[in-house]
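Geometric and topological summary
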Amino acid sequence: MKNIIFILITLILTFPSSAENWRVNWQHSKVTFQIPYMGVTNVDGAFTKFDGAFSFDESTKKLSEVEFIISTESVDTNNLKRDNHIKNKDFFNVSKYSKIIFNSKETIYEEGSPVAIIGDLTLLETTKEVRFKLKYKGSVKDPWDDNKIAQFFEASTKINRKDFGLSWNKKLDKGGLLLGEEVSIDITIEAFEQGVRPAFSRFFLPTANIKKSVVNEIKSNVTTVDAKKKQSDPLSPKAPKVVSRPDLPSGKDIALNMVFGFLAFIILIGGGIKLQIILTKFFEKKGLDPKWTFIIPNIIVMGLIMFIASYLAPFMGYGPHPWGN
């Protein structure tokens, strides 16, 4: 009977959940776009600040609950003057519309693998359904830790910018328009499992309440799927902050915290040894059995070290990142 209970407990503890929550690792992901220019070439650009989360089961390839948020302020076309123009009222009007938001509704599968995802894209004051082509590139284990993996996806779509109110243009002297209407969007994603250090990353990225934070951000900012209704003003004091990649500490901050963590670890070990000697002598004076005189101080010291080490671990690259929220 005891063996049966043990087997059942083991199965419960090791049985995987149907889907895991994953978050976009912005350090190893990218969002790019391309738009025809002067009828003969293209302007390439990117967004450097974005965030996203989704549910994915690697065994079944089931993908759902995809939320993705882009900061319009982070647009980058490798031309400062052009970027400033794109940020003003002619285009993104970032002072009023700080985010581009995608919220999935349906995933399309072929041969058991996701090949497309359909959802609502909100840009400026308009929400429209958009279909992304999707390619699941597979997973890769961290070469330094087999318990950590990264999931890889590629997504692409084309939208007509005028459908979202981006209608600014200029006529050319020989005919035609300065900008084309069709915009190509390409997204490359590396994602890590919520609550663990991302694969290939020295430090944790902030992972607390990952999925919840993105879902709440979307619910609080997308007021309606009706294109006639506007998003709330992101500059309002009551409006939440833009969900975007967090600002990382400087190299100096990292070095100082590493030094602090190392010194604290040395002090912890030294203090533990000293405490063990004190406890051993105390129990010897009490006439305790030699076996317990050895065991009890060790248990107390090891428990104390593990407790304190759990707070120092983030500064050594393990556990939640010390600067994360």
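So, here's what we can say about the structure. (Residues numbered from 1 in each chain as written. Predicted model: local features only at pLDDT ≥ 70, side-chain atom pairs only at ≥ 80, totals over all residues. Heavy atoms only, no water.)

**What to know about the overall build of the protein**
Just so we agree on the cut-off: What counts as a helix is a DSSP run of H or I of at least four residues, what counts as a strand is a run of E of at least two, and both are numbered from the N terminus. Here the term buried applies to any residue with accessible area under 20% of the maximum for its type, exposed to any over 50%, and partly exposed to those in between, with areas from a 1.4 Å probe on protein chains only. The contact criterion used throughout is that any non-hydrogen atoms of two residues lie within 4.5 Å. Shrake-Rupley sampling with a 1.4 Å probe provides the accessible areas, and residues are treated as covered by the protein chains on show and by no other component.
Helix and strand content of the protein: five helices and eleven strands. Within the protein, the fraction of its 325 residues that count as buried is 38%. Counted over contacts in the protein with a minimum sequence separation of 6, partners at least 24 positions apart contribute 62%. Counting only carbon and sulfur atoms, one obtains 59% of the accessible surface of the protein, whose full area is about 19700 Å².

**Remarks on the packing of aromatic side chains**
Heads up, the condition is: For Phe, Tyr and Trp, where Trp contributes only its six-membered ring, two rings pair if their centres lie within 6.5 Å, and the inter-plane angle classes them as stacked under 30 degrees, edge-to-face over 60, or tilted in between.
Scanning the model with the defined rule gives ten aromatic pairs in all. Both rings, one in Tyr136 and one in Phe153, keep their centres 5.0 Å apart while their planes meet at 40 degrees; by these two values the pair is tilted. Of this pair, Tyr136 sits in strand β9 (residues 126-142) while Phe153 sits in strand β10 (residues 145-160), and the two are 17 residues apart along the sequence. Grouping residues by exposure puts Tyr136 and Phe153 together as buried. Among the aromatic residues, ring-to-ring pairing joins Phe54, Phe56, Tyr136 and Phe153 into one connected group.

**Topic: the pattern of salt bridges**
The following threshold applies: Salt bridges are counted wherever a side-chain nitrogen of Lys or Arg sits within 4 Å of a carboxyl oxygen of Asp or Glu.
Under the definition given, this model contains six salt bridges. Of the charged contacts, one joins Glu181 and Lys162 as a salt bridge, the two residues approaching to 3.6 Å between their closest N and O atoms. Here Glu181, found in the loop between β10 and β11 (182-193), pairs with Lys162, found in the loop between β10 and β11; they are 19 residues apart in sequence, far enough to count as distant. When its relative accessible area of 34% is taken as the criterion, Glu181 is described as partly exposed.

**Section: unusual backbone geometry**
With a phi close to 50 degrees, Glu65 is a non-glycine residue in the positive phi region. With a phi close to 50 degrees, Asn93 is a non-glycine residue in the positive phi region.

**Some remarks on the pairing of strand β5 (residues 62-71)**
Keep this limit in mind: A pair of strands is labelled paired if DSSP reports no fewer than 2 bridges between them.
With seven of ten residues buried, β5 is to be regarded as a mostly interior element. Two elements, strand β4 (residues 50-57) and β5, share seven bridges in a ladder whose sense is antiparallel. Within β5, the residue paired with Phe50 across the bridge is Ile70. A loop of four residues connects β4 with β5, the two strands running antiparallel in sequence, and Lys61 in this loop sits at a positive phi of about 65 degrees. Where β5 meets strand β7 (residues 99-110), five bridges bridge the pair, whose relative direction is antiparallel. Its bridge partner lying in β7, Phe68 is registered against Phe102.

**As for the environment of Thr48**
Among the secondary structure elements, Thr48 is positioned in the loop between β3 (41-47) and β4. Taking the C-alpha atoms as reference, Thr48 lies 8.0 Å from Ser71; in sequence the two are 23 residues apart.

**Topic: the nonpolar core**
Just so we agree on the cut-off: Grouping buried Ala, Val, Leu, Ile, Met, Phe, Trp, Tyr and Cys residues that are joined through side-chain atoms within 4.5 Å yields what is termed a nonpolar core.
Phe68 and Phe92 are the most contacted members of the largest nonpolar core, which has 43 residues in total. Among all residues touching Phe92, those that are not within four sequence positions of it are Phe47, Thr72, Val75, Ile86, Lys87, Tyr97, Ile100, Leu123, Leu124 and Leu166. Grouped together as the second largest cluster of nonpolar side chains are five residues, Leu268, Phe283, Val301 and Ile305 included.

**Some details on the environment of Leu178**
Within the secondary structure layout, Leu178 lies in the loop between β10 and β11. With 142 residues separating them along the chain, Leu178 and Pro36 place their C-alpha atoms 8.3 Å apart. Apart from residues lying up to four places away in sequence, Leu178 is in contact with Pro36, Tyr37, Met38, Trp168, Asn169, Lys170 and Leu172.

**Let's talk about a nonpolar patch on the surface**
In plain terms, the rule: Each patch is built from residues that are more than 30% exposed by relative accessible area and take part in no salt bridge. Like charges join if they lie within 9 Å; nonpolar side chains (Val, Leu, Ile, Met, Phe, Trp, Tyr) join within 5 Å.
Judged by side-chain polarity, Val259, Phe262, Leu263, Phe265, Ile266, Ile269, Ile273 and Ile277 come together as a nonpolar surface patch covering roughly 720 Å² of accessible area. Residue position: Phe265 is located in helix α4 (residues 251-285). Judged by its relative accessible area of 42%, Phe265 falls in the partly exposed class.

**A look at the pairing of β7**
Where β7 lies against strand β8 (residues 113-123), nine bridges are found, and the strand directions are antiparallel. By the bridge assignment, Ser104 is partnered in β8 with Gly119. In this structure, the hairpin formed by β7 and β8 is closed by a connection of two residues, where Glu111 is found at a positive phi of approximately 55 degrees.

**Considerations on helix α2 (residues 80-87)**
To keep it simple, the criterion reads: An arc is given here, and it is the one of the directions from the helix axis to the C-beta atoms. In protein, a polar contact requires one atom able to donate a hydrogen and another able to accept it; more generally it is a pair of N or O atoms within 3.5 Å, and residues adjacent in sequence count only if both atoms are side-chain atoms.
Listed as buried for α2 are Asp83, Ile86 and Lys87. Buried residues of α2, seen end-on, are gathered within an arc of 100 degrees and therefore sit on one face of the element. For α2, the side-chain oxygen to backbone nitrogen distance between the N-cap and Lys81 is 3.2 Å, and the N-cap itself is Asn79.

**Concerning the environment of Thr72**
By secondary structure assignment, the location of Thr72 is in the loop between β5 and β6 (75-76). Residue Thr72 is classed as buried on the basis of its relative accessible area of 1%. Distance from Thr72 to Lys99, taken between C-alpha atoms, is 5.5 Å for residues 27 residues apart in sequence. For Thr72, the contacting residues outside a window of four places in its chain are Phe47, Phe92, Val94, Tyr97, Ser98, Lys99 and Ile100.

**Some thoughts on the side chain of Asp83**
Stated formally: By the counting scheme adopted, Arg and Lys are positive, Glu and Asp are negative, and His together with the chain ends is not counted.
With respect to the secondary-structure elements, Asp83 resides in helix α2. Here Asp83 is buried and forms no salt bridge, its nearest opposite-charge partner Arg82 lying at an N-O distance of 5.1 Å. Not counting the four nearest positions on each side in its chain, Asp83 is found in contact with Val75, Asp76, Thr77 and Asn78.

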